[in-house]
Amino acid sequence: MKYSFPDNFWWGSASSALQTEGESQGGGKGLTTWDHWFANEPNRFHQGVGPQDTSTFCQNWKADIQLLKQLNHNSFRTSISWARLIPDGVGEVNPQAVDFYNQVFDELLEQGITPFITLFHFDMPMAMQEIGGWENRDVVAAYSRYAQICFELFGDRVLHWFTFNEPIVPVEGGYLYDFHYPNVVDFRRAATVAYNTVLAHAQAVRAFRAGHFPGEIGIVLNLTPSYPRSQNPQDVKAAHYADLMFNRSFLDPVLRGEYPADLVALLKSYEQLPACQPDDSAVIAEGTIDLLGINYYQPRRVKCRDSAVNPKAPFMPEWFFDNYEMPGRKMNPYRGWEIYEPGIYDILVNLRENYGNPRCFISENGMGVENEQRFIENGQINDQYRIDFISEHLKWVHKGISEGSNCLGYHMWTFIDNWSWCNAYKNRYGFIQLDLATQKRTIKKSGEWFAATSLNNSFDKE
Ligand code: BGP
């Protein structure tokens, strides 16, 4: 069968500043939390590879944009590094950064590739973290100034802005589950970080609207549909709690302009609500978006708890559910994530039925695989598994669109194999293989498949 997509469908891929640029301590850039954490705890990073060893976009941006073109991308998402643009977060703008981003955006446009630009992709300037990071409202104000500066500098050419990439991840990683700096485990602080991130988002949206900049503004959320083990009311309730905490904590404010009442009531009853100020709800109400980026990698499966909560243990989301390992689930063993293609469709249906069918697109979807060299045939990685992964997901996106979803595009994670936070180069996600020793780029079979799919605006599959 032929799967055709609407005219002007966005075909592309996503990446981020910190994971690709390199020069993490050069070019006038300030340090981020990643530089600091790596300097102090290199053992936290796979094979001791830190954020200075990324895919050298700072040097190779021009050639890399040629490769994007070769893959028939009509759009490409990356981020601006706050610490590169404003090294201490609040002060002077770094002219070298302005030149760099100007050249990148101009070249993308020159090559017919629409830039989609994120303002914050996990990369907090260290100077901002030193004063408390998102726990401090001064950092919210500094972020909103940074956003305004970006709109002024680049807003004549960048027409698709995203305030944050997966804002729940720094909350989970940094304040609940210890996989991002500052490695805190404290729910109330996590809730404060999440809340202040929403305020920062809303203030950036307000600045964008007040400045009458062209184009549109949105956010990128990693939505993990929560499936209960069974239809038993206790399992269903557990799934509802997980959905409230991990999806609706951001989805509702950015699409409805307010938090779900039952989430607020729940946190209140456990004395976990962040400190609010009187005009916060008006600010949050102004933060509704034009475009939602959906990152989808895996579903969340939950069941009701099997044991009673220890009331003296730290308050955690898991007080309300247990994670459920469904027998027979299909896994990506390298990343340890379940592969469940219909989840991408369920997200689109949920948005259509419960959130007014917003303009949206798949902003990340992908499969990290270890040791891909074993699949080399005639000098090229034959990653048929990635083609299968993408096309199986795209079939469900196609179904969602045919039923009326306002899904405007599909971006893969990622373009060239890049540095993946604590996993460094363990799992490779790219359409293009990166040789770490030589920095040589070689297109994988999936890259060729994607180029053809984008060119035809369709693919064939049984
Ligand atoms: C998303 C992030 C990306 C990327 C991807 C793959 O959550 O937005 O930055 O890294 O996941 O995940 P990982 O690198 O952890 O394997």
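Predicted, not measured: the structure shown is a model, and the values here were computed from it.

### Describing the site of the ligand
Q19, H121, N165, E166, Y297, R335, W337, E364, W413, S420, W421 and Y429 make up every residue found near the ligand. Between the ligand and the protein, one listed contact pairs an oxygen atom with a side-chain N or O atom of E166 at 2.5 Å. A distance of 2.7 Å separates an oxygen atom of the ligand from a polar side-chain atom of R335. When the free accessible area of the ligand is taken as 370 Å², the share hidden by the protein chains comes to 93%. Partitioning the shell around the ligand into residue classes produces 5 nonpolar, 4 polar and 3 charged.

### Things to note about helix α14 (residues 384–402)
With 19 residues, α14 extends 26 Å between its outermost C-alpha atoms, agreeing within 8% with the 27 Å of an ideal straight helix rising 1.5 Å per residue. Turning to α14, its buried residues are Y385, R386, I387, F389, I390, S391, H393, L394, V397, H398, G400 and I401. Of the residues flanking the end of α14, it is G404, one or two places downstream, whose phi is positive at about 110°.

### So, the UniProt feature "active site" (unreviewed entry) in the chain
Sites flagged by UniProt as "active site" (unreviewed entry) map to E364. Along the chain, E364 turns up in strand β13 (residues 360–364). Beyond its immediate sequence surroundings of up to four residues, E364 is in contact with A14, R77, H121, N165, E166, I294, N295, Y296, Y297, H411 and W413. Only 3.1 Å separates the side chain of E364 from the side chain of N295, close enough to count as a polar contact.

### Re the pattern of salt bridges
Evaluated as defined, the whole model comprises 29 salt bridges. D252 is the salt-bridge partner of R256, the closest N and O atoms lying 3.0 Å from each other. Taken together, the residues span about one helical turn, with R256 and D252 both in helix α10 (residues 233–256) at a distance of 4 residues. On the basis of relative accessible area, R256 is assigned to the partly exposed category, the value being 38%. Residue D252 is classed as buried on the basis of its relative accessible area of 2%. Look at the salt bridges and you will find they share partners, linking E372, D383, R386, D417, R428 and K444 into a network.

### Quick look at the packing of helix α9 (residues 187–210) against α10
Two elements in contact, α9 and α10, have axes separated by 10 Å at closest approach and are oriented at 25°. Here α9 is positioned roughly parallel relative to α10, judged by the angle of their axes. Every pair of crossing elements has a handedness; the one defined by α9 and α10 is right-handed. Listed contacts from α10 to F187, A194, T197, V198 and H201 of α9 are M245, S249, F250, P253 and V254. Of the residues that constitute the contact of α9 with α10, the class distribution is 7 nonpolar, 3 polar and no charged.

### Some remarks on the packing of helix α3 (residues 57–70) against helix α5 (residues 95–110)
As a packed pair, α3 and α5 sit with axes 10 Å apart at the nearest point and diverge in direction by 10°. For the element pair α3 / α5, the angle class is roughly parallel. Every residue of α5 that contacts α3 at F57, C58, W61, K62, I65, Q66 and L68 is listed here: F100, Q103, V104, E107 and L108. The class makeup of the residues in the contact of α3 with α5 is 8 nonpolar, 2 polar and 2 charged.

### Brief notes about the nonpolar core
In this structure, I80, W82, L85, W134, Y143, W161 and L292 are the most contacted members of the largest nonpolar core, which totals 130 residues. It is α9 that provides the largest number of residues to this core, a total of 14 residues. Among residues more than four places away in sequence, those in contact with L292 are I219, L221, L223, L251, L255, L351, R359, C360 and F361.

### Some words on unusual backbone geometry
In this structure, P182 follows Y181 across a cis peptide bond, with omega equal to 10°. Checked against the element boundaries, P182 lands in the loop between α8 (168–175) and α9. Looking along the chain, the bond that leaves W413 and enters T414 is cis, with omega of 5°. Within the secondary structure, T414 is located in the loop between β17 (407–413) and β18 (427–428). Phi is positive for E271, close to 55°, though the residue is something other than glycine. With a phi angle near 50°, N378 is a residue other than glycine that sits in the positive phi range. Following the sequence through the fold, N378 ends up in the loop between β15 (376–377) and β16 (380–381).

Cut-offs applied
- Residues numbered from 1 in each chain as written.
- Predicted model: local features only at pLDDT ≥ 70, side-chain atom pairs only at ≥ 80, totals over all residues.
- Heavy atoms only, no water.
- Near = heavy atom within 4 Å.
- Polar contact = N/O pair within 3.5 Å; in protein donor to acceptor, adjacent residues only side chain to side chain.
- Areas by Shrake-Rupley, 256 points an atom, 1.4 Å probe, with all protein chains shown as cover.
- Nonpolar A, V, L, I, M, F, W, Y, C, P; charged D, E, K, R; others polar.
- Helix = DSSP H or I, 4+ residues; strand = E, 2+ residues; numbered from the N terminus.
- Expected span 1.5 Å × (residues − 1).
- Buried < 20%, exposed > 50% of the residue type's maximum accessible area, 1.4 Å probe, protein only.
- UniProt positions renumbered as here; feature names shortened; annotations may be inferred.
- Contact = heavy atoms within 4.5 Å.
- Salt bridge = Lys/Arg side-chain N within 4 Å of Asp/Glu carboxyl O.
- Axes fitted to C-alpha atoms, helices over the stretch in contact; angles between N-to-C directions.
- Parallel < 35°, antiparallel > 145°, perpendicular 65-115°, else oblique.
- Left-handed = near helix turned anticlockwise from the far one by under 90°.
- Core = buried A, V, L, I, M, F, W, Y, C linked by side-chain atoms within 4.5 Å.

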